[in-house]
Amino acid sequence: MLFRSAAAFGNLRWGTKPGGRVAFICWRPAQDNEWIGLSLGVVAKHVPLPAPPGPEEPGPMSFGDPNRVRRILTSAGLSDIAVERSNTPFRIGGDRTEAVEFLTQLGPAGSAIAQADTDDGTKARIAADMHDALAPYDTGQGVVRSEERRGGKECRSRWSPYH
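Here the residue numbering is sequential within each chain, running from 1 through the sequence in written order. Selection of residues for local features in this predicted model requires a pLDDT of at least 70, selection of side-chain atom pairs for listing and counting requires 80 or more, and totals for whole chains, interfaces and linings are taken over all residues. Excluded from the side-chain calculation are hydrogens and water; included are all heavy atoms of the structure.

Visitor: How would you summarise unusual backbone geometry if you had to cite specific residues and measurements?
Guide: One non-glycine residue, aspartate 80, adopts positive backbone phi at about 50 degrees. By definition, any uninterrupted DSSP run of H or I lasting at least four residues is a helix, any uninterrupted run of E lasting at least two residues is a strand, and each is numbered from the N terminus. Position of aspartate 80 among the secondary structure elements: in strand 2 (residues 79–87). If you check the backbone angles, aspartate 117 has positive phi at about 50 degrees while not being a glycine. Residue position: aspartate 117 is located in the loop between helix 5 (107–115) and helix 6 (120–133). Given the relative accessible area of 69%, aspartate 117 is considered exposed. Accessibility here uses a 1.4 Å probe with only protein chains present; expressed as a share of the type maximum, an area under 20% marks a residue as buried, one over 50% as exposed, and anything in between as partly exposed.

Have a look at this one:
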């Protein structure tokens, strides 16, 4: 995520006309995202998992806490902040092979694999297990996590030079 600080959101504010709106979608906390749980569960059978990042550390779930989001946006000078849960389907890949490649190279599972300095044989076993674990989500038109299982937050705010 590019926006990690109040200063970055302040730049967005100044690039938006008074009364304008800043909106974005971000991931919920890791424990609310099944694709992270599934992929980390597979990886944990093969290598030790690193400690998860702290609540103020950067990462894909760094805006998972709505209070943190409100604090950052308020300190950036934004107001009328609304944080709403939003459930959307998430297409991980065009097929299971693509999905396995994505999940084993990026995100928390990919990070765990890289940090464990995993050998090629272990990587192959992880990939095979991940391929099997994703079978229920293979729609024939991609690997899709249903909207009930994955969601984000929509954050909207407005600003006025007069508040």
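Visitor: Quick rundown of the packing of aromatic side chains? Include the residues and the values.
Guide: Two rings from Phe, Tyr or Trp (for Trp, the six-membered ring) form a pair when their centres sit within 6.5 Å of each other. Planes less than 30 degrees apart are called stacked, planes more than 60 degrees apart edge-to-face, and all others tilted. Taken as a whole and assessed by the stated rule, the structure comprises six aromatic pairs. Ring geometry for tryptophan 35 versus phenylalanine 102: centroids 6.2 Å apart, planes at 40 degrees, classification tilted. Of this pair, tryptophan 35 sits in helix 2 (residues 34–44) while phenylalanine 102 sits in helix 4 (residues 96–105), and the two are 67 residues apart along the sequence. Look at tryptophan 35 and you get buried, because its relative accessible area is 6%.

Visitor: Describe the pattern of salt bridges, listing the residues and the values that go with them.
Guide: Close approach of charged atoms allows side chains of opposite charge to pair. What counts as a salt bridge is simple: a side-chain nitrogen of Lys or Arg found within 4 Å of a carboxyl oxygen of Asp or Glu. Under the criterion given, the structure shown has three salt bridges. With a shortest N-O distance of 3.0 Å, arginine 68 and glutamate 56 are connected by a salt bridge. With a gap of 12 residues between them, arginine 68 in helix 3 (residues 66–75) and glutamate 56 in the loop between helix 2 and helix 3 connect regions that are remote in the sequence. Of the charged contacts, one joins arginine 71 and glutamate 56 as a salt bridge, the two residues approaching to 2.7 Å between their closest N and O atoms. Separated by 15 residues along the polypeptide, arginine 71 in helix 3 and glutamate 56 in the loop between helix 2 and helix 3 bring together distant segments of the chain.

Visitor: So what's going on with the packing of helix 4 against helix 5? Residues and values would help.
Guide: At a minimum axis separation of 5 Å, helix 4 and helix 5 run at an interaxial angle of 65 degrees. Judged by residue contacts, Leu103, Thr104 and Gln105 of helix 4 engage Ala109, Gly110 and Ile113 from helix 5. Following the grouping adopted for this structure description, the nonpolar residues are Ala, Val, Leu, Ile, Met, Phe, Trp, Tyr, Cys and Pro, the charged ones are Asp, Glu, Lys and Arg, and the polar ones are all others, Gly among them. Each residue belonging to the contact of helix 4 with helix 5 can be placed in one class, and the counts come to three nonpolar, three polar and no charged. Interaxial angle, 0 to 180 degrees, is taken between N-to-C directions of lines fitted to C-alpha atoms, where a helix line uses only the stretch in contact. Residues are treated as being in contact if the distance between any of their heavy atoms lies within 4.5 Å.

Visitor: Can you break down helix 1 (residues 6–14) residue by residue, with the values?
Guide: Along helix 1, the residues classified as buried are Ala8, Phe9, Gly10 and Arg13. Next to the buried residues of helix 1 lie strand 1 (21–27) and helix 3.

Visitor: Kindly report on helix 4, identifying the contributing residues and their values.
Guide: All buried positions along helix 4 are accounted for by Ala99, Val100, Leu103 and Thr104. Each buried residue of helix 4 lies within a common arc of 120 degrees when the element is viewed along its axis, so the set occupies one face. Those residues of helix 4 that are exposed and aimed more than 90 degrees away from the buried face are Thr97 and Gln105. Along its buried surface, helix 4 packs onto helix 2, strand 3 (90–93), helix 5, helix 6 and strand 4 (143–145). Count one or two residues on from helix 4 and you reach glycine 107, which has phi positive near 70 degrees. To be clear, the arc concerns the directions from the helix axis to the C-beta atoms.

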